[in-house]
Amino acid sequence: MSDFKAIGKAFIDFYYSKFDTGPRDGVAALYEPVNGMMSFNNSDFAKGAQQIVDKLRSLTFQTISHTISTMDIQPTYDNCILIVVTGALKADNDPPMQFTETFLLRFINNSWLVINNVFRLILHG
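Keep in mind the model is a prediction, meaning the values are calculated, not measured. (Residues numbered from 1 in each chain as written. Predicted model: local features only at pLDDT ≥ 70, side-chain atom pairs only at ≥ 80, totals over all residues. Heavy atoms only, no water.)

1. Some remarks on the side chain of aspartate 25
With respect to the helices and strands, aspartate 25 occurs in the loop between helix H1 (4-21) and strand E1 (37-40). What makes aspartate 25 buried here is its relative accessible area of 18%. (Helix = DSSP H or I, 4+ residues; strand = E, 2+ residues; numbered from the N terminus. Buried < 20%, exposed > 50% of the residue type's maximum accessible area, 1.4 Å probe, protein only.)

2. As for the pairing of strand E3 (residues 64-75)
Two strands pair when backbone bridges link them, and E3 and strand E4 (residues 81-91) are joined in this way by 11 bridges, in the antiparallel orientation. When the sheet's bridge partners are listed, histidine 66 is paired in E4 with leucine 89. (Pairing = 2+ DSSP bridges.)

3. Points about H1
Taking 1.5 Å per residue, 18 residues should reach 26 Å; H1 reaches 26 Å between its end C-alpha atoms and fits that length. Listed as buried for H1 are Phe4, Ile7, Gly8, Phe11, Ile12, Tyr15, Tyr16 and Phe19. Within H1, the buried residues cover an arc of 145 degrees as seen down the axis, which keeps them to one side. Every exposed residue of H1 that faces more than 90 degrees away from the buried side is listed here: Ala6 and Thr21. Those residues of H1 that are buried are in contact with E1, helix H2 (49-58), E3, E4, strand E5 (97-108) and strand E6 (111-122). Looking one or two residues past H1, glycine 22 carries a phi angle of roughly 65 degrees, positive in sign. (Expected span 1.5 Å × (residues − 1). Arc of directions from axis to C-beta. Contact = heavy atoms within 4.5 Å.)

4. Some words on the UniProt feature "domain: NTF2" (unreviewed entry) in the chain
Within this numbering scheme, the UniProt entry marks residues 7-121 as carrying the feature "domain: NTF2" (unreviewed entry). Each end of residues 7-121 is marked by a C-alpha atom, and these two atoms are 25 Å apart; helix forms 22% of the span and strand 45%. (UniProt positions renumbered as here; feature names shortened; annotations may be inferred.)

5. Let's talk about the pairing of E6
Direction of pairing for E1 relative to E6: parallel, over a ladder of four bridges. Across the sheet, residue methionine 37 finds its bridge partner in E6, namely asparagine 116. Here E5 pairs with E6 via 11 bridges, running antiparallel. Bridging from a neighbouring strand, threonine 100 pairs with arginine 120 of E6. Following E5, the chain reverses through two residues before pairing antiparallel with E6; asparagine 109 in that reversal takes a positive phi of roughly 50 degrees.

6. Structural notes on the packing of aromatic side chains
For any pair of aromatic rings, the description consists of the separation of the ring centres together with the inter-plane angle of the planes. According to the stated counting rule, one finds 11 aromatic pairs in the structure shown. With 5.5 Å between their ring centres and 75 degrees between their planes, phenylalanine 11 and phenylalanine 103 make a pair best called edge-to-face. Highlighted residues: phenylalanine 11 in helix H1 and phenylalanine 103 in strand E5, separated in sequence by 92 residues. Judged by its relative accessible area of 8%, phenylalanine 11 falls in the buried class. (Phe/Tyr/Trp six-rings, centres within 6.5 Å; stacked < 30°, edge-to-face > 60°.)

7. What about the nonpolar core?
Counting residues in hydrophobic clusters, the biggest one holds 31 residues, and the most contacted among them are Phe11, Tyr15, Phe19, Tyr31, Leu56, Ile83 and Phe103. Those elements that place two or more of their residues in this core are H1, H2, E3, E4, E5 and E6. Setting aside residues up to four positions removed in sequence, phenylalanine 19 forms contacts with Arg24, Val27, Leu56, Leu59, Phe61, Ile64 and His66. (Core = buried A, V, L, I, M, F, W, Y, C linked by side-chain atoms within 4.5 Å.)

8. Let's talk about the sheet that holds E3
Taking strand neighbours across the sheet as the criterion, the six strands line up as E2-E1-E6-E5-E4-E3 in an open arrangement whose pairing is mixed. Every interior strand has two partners, whereas the edge strands, strand E2 (46-47) and E3, have only one. Pairing between E1 and E2: two bridges, direction antiparallel. The partner of methionine 37 across the bridge, within E2, is lysine 47.

Rendered as structure tokens:
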């Protein structure tokens, strides 16, 4: 899997562009529909397309913008791609907040889909 970095970068660019320009529940199509999992800031994880859509729709901000600071991409032994992102996000009129997000992608039916996703705001204090 020699092109894992290009695949990972393209995925991240697409994911955050789609998330930021909305509707944000549109990113649910990027998750494996039955077993894809998402956790957001230590909440119980959402599993499967409907729970992920419900979680995304429950987020209360109206506008959001992500700025990526770092992106680490590695292939896994079982041909998945692991991506760890750090950056800042600005939601509505709130001050920018630091975040980290991890994705595990698997190639299924000719598409790279999210199997696992963990998002965490980095809160100080």
